[in-house]
Amino acid sequence: MSGQIGCICQCPTYMDAFAALFAQATPTPEALPLTLFDLPWLRFAPVQRLFFYEISNSFETTTLLSKLKASLSVTLQRFRPLAGNITWPQHSPKPVLNYVQGDAVSLTIAESHANFHHLSSRSNFVEAKEYHPLVPQLPISHEKAAAVAFQVTVFPNGNGFSIGTSMHHAILDGKSSTMFVKSWAHICKHLGDDPSGSALPDQLKPFFDRRVVQDPAGLEPIFLNQLQNLDGPNNRSLMVTQFKSPPPDAVRGIFVITRPEIEAMKQWVSTKMAEMIKNEKQSDRPHLSTFSVTCAYTWVCLLKAEEKQTDKPDMMGFTLDCRPRFDPPIPANYFGNCIAGRVIVAERKGLLGEDGLTVVVNEISEAIKGADGDGILKRAETLLPILYSAVRSEKRSMGVAGSPRFGIYDTDFGWGRPSKVEVVSIEETGAMSLAESRDGIAGDVEVGLVLEKHHMQAFASVFAKGLQDI
Ligand SMILES: CC(C)(COP(=O)(O)OP(=O)(O)OC[C@H]1O[C@@H](n2cnc3c(N)ncnc32)[C@H](O)[C@@H]1OP(=O)(O)O)[C@@H](O)C(=O)NCCC(=O)NCCSC(=O)CC(=O)O
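Residues numbered from 1 in each chain as written. Predicted model: local features only at pLDDT ≥ 70, side-chain atom pairs only at ≥ 80, totals over all residues. Heavy atoms only, no water.

1. Focus: the sheet that holds strand β4 (residues 85-87)
- What the four strands build is an open sheet, ordered β2-β5-β4-β8; its pairing is antiparallel. The open sheet has two edge strands with one neighbour each: β2 (31-33) and β8 (144-146). Adjacent strand axes in the sheet meet at a mean angle of 25° when their direction is disregarded.
- In this structure, β4 lies alongside strand β5 (residues 96-98), joined through three bridges in antiparallel fashion. Each bridged residue has a counterpart across the sheet, and for Thr-87 the counterpart in β5 is Val-96. (Pairing = 2+ DSSP bridges. Helix = DSSP H or I, 4+ residues; strand = E, 2+ residues; numbered from the N terminus. Axes fitted to C-alpha atoms, helices over the stretch in contact; angles between N-to-C directions.)

2. Side note on the packing of aromatic side chains
- Inspection of the entire model under this criterion finds 22 aromatic pairs.
- For the pair Trp-184 and Phe-413, a centre-to-centre distance of 5.2 Å together with 90° between the ring planes defines the contact as edge-to-face. With a gap of 229 residues between them, Trp-184 in helix α4 (residues 174-189) and Phe-413 in the loop between β14 (400-402) and β15 (420-423) connect regions that are remote in the sequence. Take Trp-184 and Phe-413: they sit in the same class, and that class is buried.
- Ring geometry for Phe-459 versus Phe-463: centroids 5.2 Å apart, planes at 35°, classification tilted. (Phe/Tyr/Trp six-rings, centres within 6.5 Å; stacked < 30°, edge-to-face > 60°. Buried < 20%, exposed > 50% of the residue type's maximum accessible area, 1.4 Å probe, protein only.)

3. Quick word on the packing of helix α2 (residues 61-78) against α4
- Between α2 and α4, whose axes approach to 8 Å, the crossing angle comes to 120°. When the interaxial angle is binned, α2 and α4 end up oblique. In terms of crossing hand, the pair formed by α2 and α4 is right-handed. Contacts between α2 and α4 involve Lys-67, Leu-68, Ser-71, Leu-72, Val-74, Thr-75 and Leu-76 on the former and, on the latter, Phe-180, Ser-183, Trp-184, Ile-187 and Cys-188.
- Among the residues forming the contact of α2 with α4, the class breakdown is eight nonpolar, three polar and one charged. (Parallel < 35°, antiparallel > 145°, perpendicular 65-115°, else oblique. Left-handed = near helix turned anticlockwise from the far one by under 90°. Contact = heavy atoms within 4.5 Å. Nonpolar A, V, L, I, M, F, W, Y, C, P; charged D, E, K, R; others polar.)

4. Digging into the nonpolar core
- Within the largest apolar cluster, 123 residues are counted, with the highest numbers of intra-cluster contacts made by Leu-82 and Phe-180.
- Sort the elements by how many residues they give to this core and helix α7 (residues 290-306) lands first, with ten residues.
- Counting the residues that make up this core, at least three belong to each of domain 1 (12-228) and domain 2 (250-469).
- Leaving out residues up to four positions away in the same chain, Phe-180 has contacts with Leu-72, Thr-75, Leu-76, Phe-79, Leu-82, Phe-150, Met-167 and Phe-335. (Core = buried A, V, L, I, M, F, W, Y, C linked by side-chain atoms within 4.5 Å. Domains from an automatic or database assignment.)

5. A word on the packing of α7 against helix α9 (residues 356-369)
- Look at α7 against α9: their axes get within 9 Å of each other, and the N-to-C directions meet at 135°. What the angle tells us is that α7 and α9 run oblique. The handedness of the crossing between α7 and α9 comes out as right-handed. Residue-level inspection shows Phe-291, Ser-292, Val-293, Cys-295, Ala-296, Tyr-297, Trp-299 and Val-300 of α7 in contact with α9, the latter providing Gly-356, Leu-357, Val-360, Val-361, Ile-364 and Ile-368.
- Grouping the amino acids of the contact of α7 with α9 by side-chain chemistry returns twelve nonpolar, two polar and no charged.

Everything listed here is a matter of coordinates, which is why it stays silent on function.
So, in structure tokens, the structure goes:
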């Protein structure tokens, strides 16, 4: 791909007199300590997303860029901590996100002569490396880590542009990162309509108060100890841990499972389960959801396509949004991390057998049910060691990034819905990404994967055939 960087500019958190006044009037603190939900992600790879937008022939690059830039500055007024940096000074018991007035976020402006339609199409596989020039690197060193970085790339020959985001996972979970990008889009779309220029609907107003996060089980000191011993003793490094490198011929693919296919799969699994547990009470039957059948089906297809036998157990991990699961609930607009991990372990032989799908759906369902009541942080102290040993291991463990509940395709900066959204960083983590359907068809789910080319081709065929057979 031929891509050239035009300029790198710093997007200040305040642009003009009004915005500065607004910032002073907002009672946001100058530092956010990392909570028990943030700490496990301190050394994790930044989450990178790429949004593609098609626009008409008549678009003016200058107008586009100035609107995106101006609206980013205004948005950062409402999300000031994102302009800050994480540090972990010797005197501080835990890492902290500090931000001061005048801090800035890196916004890279680039121009690309690559084929926009090829990159933004969902019907073909795209080489993973083709996206690399479109996402910004998040500045991270042993001592200091930025919270977010952005890149806007214009494709003058392709009538389109892309927005690449790179976000530190110890600062934002998927719900918060989506909330930020949607807020930026909302402000950009309405720039000029509203005199303050920064009005946001309630669901996009960030809630920063860390007092809502309690730690009765004392998880924080456990995570801090685990972090300091991740790479030798007394280590306060903020550097991203070493992830396995993706194969050089890795390609990206997006697969859609439609609502009727999901319903048919639920029905199929439900019948199988009824046979398997016919002697048990009806109430013991697992709850089948879009999430459980989609993740289970994708994982099983992936293993079938791999055609490898192994005696070692296979592992899948996923996260749950904890906000609504506490009593009282944590506000839905709580900004930061509020997710807990769950892990499923199974023997490959069983996964590849006739009941593989049913077994995985059951396991996922049990794991979700186990989070009810006061089970949400059960065994939470195992998350960090499992997470880092999985991402460092040569053996692929399945993870899940994103969610069909985030409404990522509603991110409209004023030029319509994105034509494609990808979680670029799954090429490092080996996760599948989930999103709702681009076409706005209620209940359809998009699954994104990065695999070696021959594996992707095999996966595509197993995936399509399995859906036909169900
Ligand atoms: C744990 C879960 C994945 C499990 O979801 P499930 O759908 O299986 O189970 P559930 O009990 O919550 O929901 C069951 C049924 O309730 C309905 N339902 C409940 N809540 C809903 C909601 N808010 N929106 C839409 N539907 C909802 C659905 O119809 C669903 O049925 P049906 O589905 O059949 O219609 C989810 O609850 C959850 O927490 N999702 C968010 C996970 C998350 O935050 N991931 C991002 C991690 S950070 C990350 O990855 C980085 C990044 O993204 O940047």
